[in-house]
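Tertiary structure, described
Here's the letter readout for the chains.
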Amino acid sequence: MARPALAAETLRVSPEVADIFRAHGPAWRRAQAGHLSLGQLKVMSAIERCRTAALGGHVARCEECDHTRIAYNSCRNRHCPKCQGAAAKEWLADREAELLPVPYYHVVFTLPTPIADIAYQNKAAIYAILFKTTAETLITIAADPKHLGARIGLTAVLHSWGSALTHHPHVHCIVPGGGLSPDRERWIACRPGFFLPVRVLSRLFRQLFLEQLAAAHDGGRLHFFGAHAPLAGRHAFAAYLAPLRRIEWVVYAKRPFAGPQAVLAYLSRYTHRVAIANSRLIAFDDNGVTFRWKDYRAKGRERQKVMTLASDEFIRRFLIHVLPSGFHRIRHYGLFANGGRAENLARARELLGVEAKQDEPGDANAGADEPLTSLLPCPCCGGRMIIIEIFERGSTSTTRLSSPIRIDTS
């Protein structure tokens, strides 16, 4: 009996960032020659090639109904909207076992616009200062007996964008509502519904950040171009920072999450996302790129809005959020710092009277003789899809196929 042909590619109505890059990326690169960083060029190339034959792939066939389909490999670039879903699931699975049975709080530290302006030209240096001073602020105030008097842990996630893709650096922190006493003999819980005073956090954050920013400038770790070139001078830089010492810096603390599962649901939206998700894109045509965004100055239903940008402007805004090579945008501090996290979590669970999750033993030889299978079940009957061919980058399948389909496994 003849094998069924490969399933025809389904019509995808919603656009993706990759579609925009493939259509306008080459012209954009030519127009911006000499003005794009190597990192930005690599991100564009990765997203354009993601889930195409350029990266290779495999052919899978259903054991039950012989339905056959092809899946192209992902680029696995951390800026690619299609590749972050799998990375988020894997990261969250690792974090789930670390959740404590206490309320969790969400605290956001935001840089003022004048600092954000110079951060764009000094991403690695200023983002690092943002992380360090955010963690130091929370840990210092929490350790103060006037407030909590405990050693806390936190997970911090950097976002460099606003909803309209503008440059808006801020750090989201997920913090348990309590911590270990200095002698590690008690778990000290915060007051119900209240973590730490926002104004106190804001003022210490401002002080620490400006001190470390000035030190970075004195140490020659900051660089300025264009309109900001005069800030290379010490006196000009001091004058630039002077007004920032007199304003309130935005630190926002949200109400505690409903429970551990709510924390994970929140983290899944924030930890592995850069600039914009494909789900926010509405249309892409000659008029530009149309997408949904939130206007946080509005209230209620007026907050949800739609924006259309010229394709070139959309690409520009997306690329300003490309991170420096090797820069970690998710970091853990205090009790959650990598060096002592396991020991600290074990002690916290002991004091809270809960047992740590035990990993179920597995058979090291299990599946050794099993065939390779696809991550996705058969779309026709739900059966198991067996991989019958793997082809390399730039190659095509040798299996008899008619209309290739591109599968999204993100």
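Figured I'd write up the structure that's included with this text. (Residues numbered from 1 in each chain as written. Predicted model: local features only at pLDDT ≥ 70, side-chain atom pairs only at ≥ 80, totals over all residues. Heavy atoms only, no water.)

A side chain with one charge may pair with a side chain of the opposite charge, provided their charged atoms come close. Under the defined criterion, the tally for this structure stands at 13 salt bridges. With a shortest N-O distance of 3.8 Å, Asp19 and Arg22 are connected by a salt bridge. Here the residue Asp19 and the residue Arg22 both occupy positions in helix 1 (residues 17-31), the gap between them amounting to 3 residues, near one helical turn. (Salt bridge = Lys/Arg side-chain N within 4 Å of Asp/Glu carboxyl O. Helix = DSSP H or I, 4+ residues; strand = E, 2+ residues; numbered from the N terminus.)

Another point: the packing of helix 2 (residues 38-49) against helix 9 (residues 311-319). Where helix 2 contacts helix 9, the axes come no closer than 11 Å and their chain directions differ by 115 degrees. In this structure, helix 2 crosses over helix 9, and the sense of that crossing is right-handed. In this structure, helix 2 uses Gln40, Val43, Met44 and Ile47 to contact helix 9, whose residues at the interface are Ile315, Phe318 and Leu319. The residue inventory of the contact of helix 2 with helix 9, partitioned by class, reads 6 nonpolar, 1 polar and no charged. (Axes fitted to C-alpha atoms, helices over the stretch in contact; angles between N-to-C directions. Left-handed = near helix turned anticlockwise from the far one by under 90°. Contact = heavy atoms within 4.5 Å. Nonpolar A, V, L, I, M, F, W, Y, C, P; charged D, E, K, R; others polar.)

Right, let's get into unusual backbone geometry. Phi at Asp66 is positive, roughly 65 degrees, even though this residue is not glycine. Within the secondary structure, Asp66 sits in the loop between strand 1 (57-62) and strand 2 (68-72). Within the chain, Leu165 stands out as a residue other than glycine whose phi angle is a positive 75 degrees. Position of Leu165 relative to the elements: it lies in the loop between strand 4 (153-161) and strand 5 (167-176).

Take the packing of helix 6 (residues 198-218) against helix 7 (residues 234-241) next. The contact between helix 6 and helix 7 brings their axes to 11 Å, and the two run at 165 degrees. Taken together, the axis directions place helix 6 and helix 7 in an arrangement best described as roughly antiparallel. For helix 6 against helix 7, the interelement crossing comes out right-handed. Where helix 6 abuts helix 7, its residues Leu210, Leu213, Ala214, His217 and Asp218 lie against Arg234, Phe237 and Leu241. Considering only residue class, the contact of helix 6 with helix 7 consists of 5 nonpolar, 1 polar and 2 charged. (Parallel < 35°, antiparallel > 145°, perpendicular 65-115°, else oblique.)

Here the focus is helix 3 (residues 84-96). Helix length check: helix 3, at 13 residues, gives a terminal C-alpha distance of 18 Å against a target of 18 Å (1.5 Å per residue), a fit within 8%. By the burial criterion, the buried members of helix 3 are Gln84, Ala88, Trp91, Leu92 and Arg95. Around the axis of helix 3, the buried residues are gathered within 100 degrees of arc, so they sit on the same side. Projecting away from the buried face of helix 3 at angles above 90 degrees are the exposed residues Lys89 and Glu90. Residues of helix 3 that are buried in the fold lie against strand 4, helix 8 (260-270), strand 12 (330-334) and helix 10 (341-352). (Expected span 1.5 Å × (residues − 1). Buried < 20%, exposed > 50% of the residue type's maximum accessible area, 1.4 Å probe, protein only. Arc of directions from axis to C-beta.)

Its 12 residues place the ends of helix 2 17 Å apart at the C-alpha level, agreeing with the 16 Å of an ideal helix rising 1.5 Å per residue. Residues Gln40, Val43, Met44, Ala46, Ile47 and Glu48 constitute the buried set of helix 2. For helix 2, the elements touching its buried residues are helix 1 and helix 9.

Quick look at the nonpolar core now. Leu138, Phe195, Phe209 and Leu213 are the most contacted members of the largest nonpolar core, which has 48 residues in total. Breaking this core down by element, the ones donating at least two residues are strand 3 (104-110), helix 4 (113-119), helix 5 (123-143), strand 4, strand 5, helix 6 and helix 7. If you tally residues by element for this core, the top one is helix 5, at 9 residues. Ignoring sequence-local partners within four residues, the contact set of Leu138 consists of Phe109, Ile152, Leu154, Cys173, Val175, Phe195, Leu196 and Leu201. Counting 32 residues, the second largest nonpolar core, distinct from the first, contains Met44, Leu55, Val274 and Leu281. (Core = buried A, V, L, I, M, F, W, Y, C linked by side-chain atoms within 4.5 Å.)

Bringing the pairing of strand 10 (residues 288-294) into the picture now. Along strand 10, 5 of the 7 residues are buried, which leaves the element largely enclosed by surrounding structure. Relative to strand 10, strand 9 (residues 281-285) is paired through 4 bridges, and the arrangement is antiparallel. Bridging across to strand 10, Leu281 finds its partner in Phe291. Two successive antiparallel strands, strand 9 and strand 10, enclose a turn made up of 2 residues. Where strand 10 meets strand 11 (residues 304-309), 6 bridges bridge the pair, whose relative direction is antiparallel. When the sheet's bridge partners are listed, Lys294 is paired in strand 11 with Gln304. (Pairing = 2+ DSSP bridges.)

According to the stated counting rule, one finds 10 aromatic pairs in the structure shown. Ring geometry for Tyr105 and Phe195: centres 5.4 Å apart, planes at 20 degrees, overall stacked. Residue Tyr105 is found in strand 3, and its partner Phe195 is found in the loop between strand 7 (187-189) and helix 6; the two are separated by 90 residues along the sequence. Using a relative accessible area of 3% as the deciding quantity, one classes Tyr105 as buried. Summarising the aromatic geometry, the rings of Phe224 and Phe237 are spaced 5.7 Å apart at their centres and angled 50 degrees between planes, so their arrangement reads as tilted. (Phe/Tyr/Trp six-rings, centres within 6.5 Å; stacked < 30°, edge-to-face > 60°.)

Limitation: the analysis is restricted to geometry and does not speak to function.
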